[in-house]
Every structure is written in structure tokens, then in C-alpha cells.
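Chain and residue survey
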Amino acid sequence: MEAVAAAFGLGGAISWEPVTGGRSHLVWRLRTTRGEWAVKRLNRSREDWWLRDHVVSAEVQLEAWERGLPMPRPVHPLTPAAPLLADVGEHSYVAHEWCGGRPLAGDVTEWVGRTLAALHDLPARGTPGWAPHPVAEWLTWLDEAPGPFTDRVRAHLPDIARAVAAGADTAGLTPVGSHRDVKPDNVLVTARGPLLLDWDGAGPEYAEWELTRAAVHFSGRGEDRAAFTRVISSYQAVTGRRPPADPSAFAGLLQVYLGGAAWMVWRALGHRPVTDAERAAAGPHALELLADLRVALGRLDEWVDWLGQ
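This report concerns the structure included in the present document.

Parameters at a glance
- Residues numbered from 1 in each chain as written.
- Predicted model: local features only at pLDDT ≥ 70, side-chain atom pairs only at ≥ 80, totals over all residues.
- Heavy atoms only, no water.
- Helix = DSSP H or I, 4+ residues; strand = E, 2+ residues; numbered from the N terminus.
- Rg over C-alpha atoms; globule rule 2.2 N^0.38 Å.
- Contact = heavy atoms within 4.5 Å.
- Areas by Shrake-Rupley, 256 points an atom, 1.4 Å probe, with all protein chains shown as cover.
- Lys, Arg positive; Asp, Glu negative; His and termini not counted.
- Charge placed at Lys NZ, Arg CZ, Asp CG, Glu CD.
- Phe/Tyr/Trp six-rings, centres within 6.5 Å; stacked < 30°, edge-to-face > 60°.
- Buried < 20%, exposed > 50% of the residue type's maximum accessible area, 1.4 Å probe, protein only.
- Salt bridge = Lys/Arg side-chain N within 4 Å of Asp/Glu carboxyl O.
- Pairing = 2+ DSSP bridges.
- Axes fitted to C-alpha atoms, helices over the stretch in contact; angles between N-to-C directions.

When helices and strands are counted, the protein chain shows 10 helices and 10 strands. Rg of the C-alpha trace for the protein chain: 20 Å, near the compact-globule value of 19 Å for 309 residues, within the 12% margin. Along the three orthogonal principal directions, the C-alpha set of the protein chain runs to about 55 × 50 × 35 Å. Relative to all contacts within the protein chain whose residues are 6 or more apart in sequence, the contacts with residues 24 or more apart total 69%. Just so you have it, the protein chain exposes about 14,400 Å², and 53% of that area is on carbon and sulfur atoms. One finds the centroid of the 31 positive side-chain charges in the protein chain at a distance of 3 Å from the centroid of its 38 negative side-chain charges.

So, on to the packing of aromatic side chains. Summed over the entire model, instances satisfying the criterion amount to 9 aromatic pairs. Here the aromatic rings of Trp49 and Trp263 are separated by 6.1 Å at their centres, their planes lie at 85°, and the arrangement is edge-to-face. Remark: Trp263 occurs in helix α9 (residues 251–268) and Trp49 occurs in helix α2 (residues 48–66); sequence separation between them is 214 residues. Ring geometry for Trp263 and Trp266: centres 6.1 Å apart, planes at 70°, overall edge-to-face. Within this pair, Trp263 and its partner Trp266 are both found in helix α9, separated by 3 residues, close to a single helical turn. Overall, Trp263 belongs to the partly exposed group, its relative accessible area being 24%. Accessibility expressed as a relative area gives 15% for Trp266, which makes it buried. Three or more aromatic residues joined by ring pairs make a cluster, and in this case those are Trp49, Trp138, Trp141, Trp263 and Trp266.

Moving on to the side chain of Asp159. Within the secondary structure, Asp159 is located in helix α6 (residues 157–166). Residues in contact with Asp159, not counting those within four places in the same chain, are Leu293, Arg294 and Leu297.

Pairing between side chains of opposite charge can happen when their charged atoms approach one another. Counting across every chain of the model gives 20 salt bridges. Taking the shortest distance from any N to any O, the salt bridge between Arg67 and Glu63 comes out at 2.9 Å. By relative accessible area, Arg67 is classed as partly exposed at 40%. Using a relative accessible area of 23% as the deciding quantity, one classes Glu63 as partly exposed. Where salt bridges share partners, they join Glu59, Glu63, Arg67, Asp121 and Arg125 into one cluster.

What the 5 strands build is an open sheet, ordered β1-β2-β3-β5-β4; its pairing is antiparallel. Because the sheet does not close on itself, it has two edges, and the strands there are β1 (13–19) and β4 (86–88). Here the average twist between neighbouring strands, direction ignored, is 35°. With 6 bridges joining them, β1 and strand β2 (residues 26–32) adopt antiparallel strand pairing. Each residue of the ladder has a partner; that of Ala13, found in β2, is Thr32.

In this structure, Arg125 is a non-glycine residue whose phi angle is positive, near 55°. With respect to the helices, strands and loops of the structure, Arg125 is situated in the loop between α3 (109–119) and α4 (135–144). Overall, Arg125 belongs to the partly exposed group, its relative accessible area being 30%.

Right, here's the structure in full:
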């Protein structure tokens, strides 16, 4: 912990406590002679695309901070490997000022809509470029490793095909630079109000997709119609924009499940350099994401109806 504290110029390390709840990255609460800090060890890839994406995410985060978005203050390392990124030994870290608070418990739907409206005023920093893998590619992966796991994934191929088709047409959507993971477990309630955490996935996004995804997340995964409507209406009150009442409006949510499941399938099949433990955990995680995709597809017509009223 001393080396990490030194890399960010945070003062002498006093204590280093793990923070539970994150699944993608390891996080610690670091106490030093200069204060308290949240330090995250990124579960990064050593591929060029990862570093390019990180640079964009740091640019979005710093622009959001300069504009006063509700978020913790990011910390610049003394000798950055990339913006906001410090390499210490074999690992890469980011840090921000520790903000005392509690996990979300209560209604913040109007805050969510207003915060998204402010986020979507940030520069786009490119057009969202990720496209879901077609079913033919999934079939190729699954055919390489027949067995119980790939058989279970194969049962979701009709869902994958439907979700891929929903996001095929992006004409008329609004490219923005944004957080891209606005959901309840990334909101911390503090004495100065809610804060939006976990900015390492920030980057180009379509405003309409992020808005409907957040509306689903903050309405109990689409169970609370009134909460869903408050997110959409509070956003519309600021921007004058509302997503179209069409299944394509929810393609951003479907693509999160698709992209996450594809990544976990690759890890489970050994196509990414991960530990044995990470590979073992990837299979169940892929199936969880595909199950979430099926649930979302089953609610799609209902959510489209909510948008239209």
C-alpha cells in the first residue's frame, strides 16, 4: 500500500482496507497522513484497445469533474502511465478522494434524470463503436468447445439473435460522452447529496440508450412504472428529448448483457489471459447475464408501452 500511496502522492500510508461489493475490480479504502482515498486496481487487459478506451474514459471523467457533475474528485498520479492511471508493479491503479456515505436506499429517480441530462451535455468524443457479435460468431465459439457449459449458452441463441437485431439501426440517435454505467450500486448517498461512482467505463454512448437503461435500473429492473417514468420525464424536462417508443430504444440495455456475456464466454473458454479462478467464475457469470437478457426481452413490449405514454 505504501507504493500505491506514493504513486499518487497521497502521503504516508496508515491503513488499507478492502471495500466489498465490486465484481469487476478490487477496491480499497486507503488512509494516509493526508486523508482518505478510494484506490481501485483495474482488471485491465494489456491490449492496445484497452488503453485507448481508458484514455477516453479519463477524458470524460475529468471533463465531468470540471463541470461540477456529482462525483468524487479524481486523483492524478505523479508519474502517470496514462491519464489518471498509475502502474505499480504488475498492476494498474486509479484513485479518487474517499467520500463517506451509504449505498442508495430511497428514490433518486428525478436526480438520475437531471444528472443524465448534464452528462449528455459533455462532448461526444467519438461515435459509439461497439457492435454486438452476430449469432454466427457465437456458434463458432461454442462449436470449438462442446460440453455442458456451451450447451447451456447455445440455448440462449434465439435471445441473442433478437437482441442483436434490436440494435441494428442507430440512425437518429444522439452520440454523447457519458458515464455508461448509471445504476443504483454506482450511486453513493452523502451529506452533500448523491454522487455517481465508478467512472472507469466512461466513453461514447447514445443518449437514448443510456437513459432507458438507467430508467430500467432505477425502477427495480423495470418493475416500478412510476419510477421509470420519473427518470424519463425529469430528463425530458431539461433536454426536451424523449426516446422513441420502439424496442430499439432499449438496445443499449440489451447490448450490455450481450457484451458482458460474450466477454465471459471468451474467458470461460480460455480465450483471454486470466487466472484459473477467473476462468472458473466466468461461466456462471456468462449464464447470469444471458438470463438477465432473456428477462429483459420478455419485458420489452411493456417498457415500450411505458415510453409511449
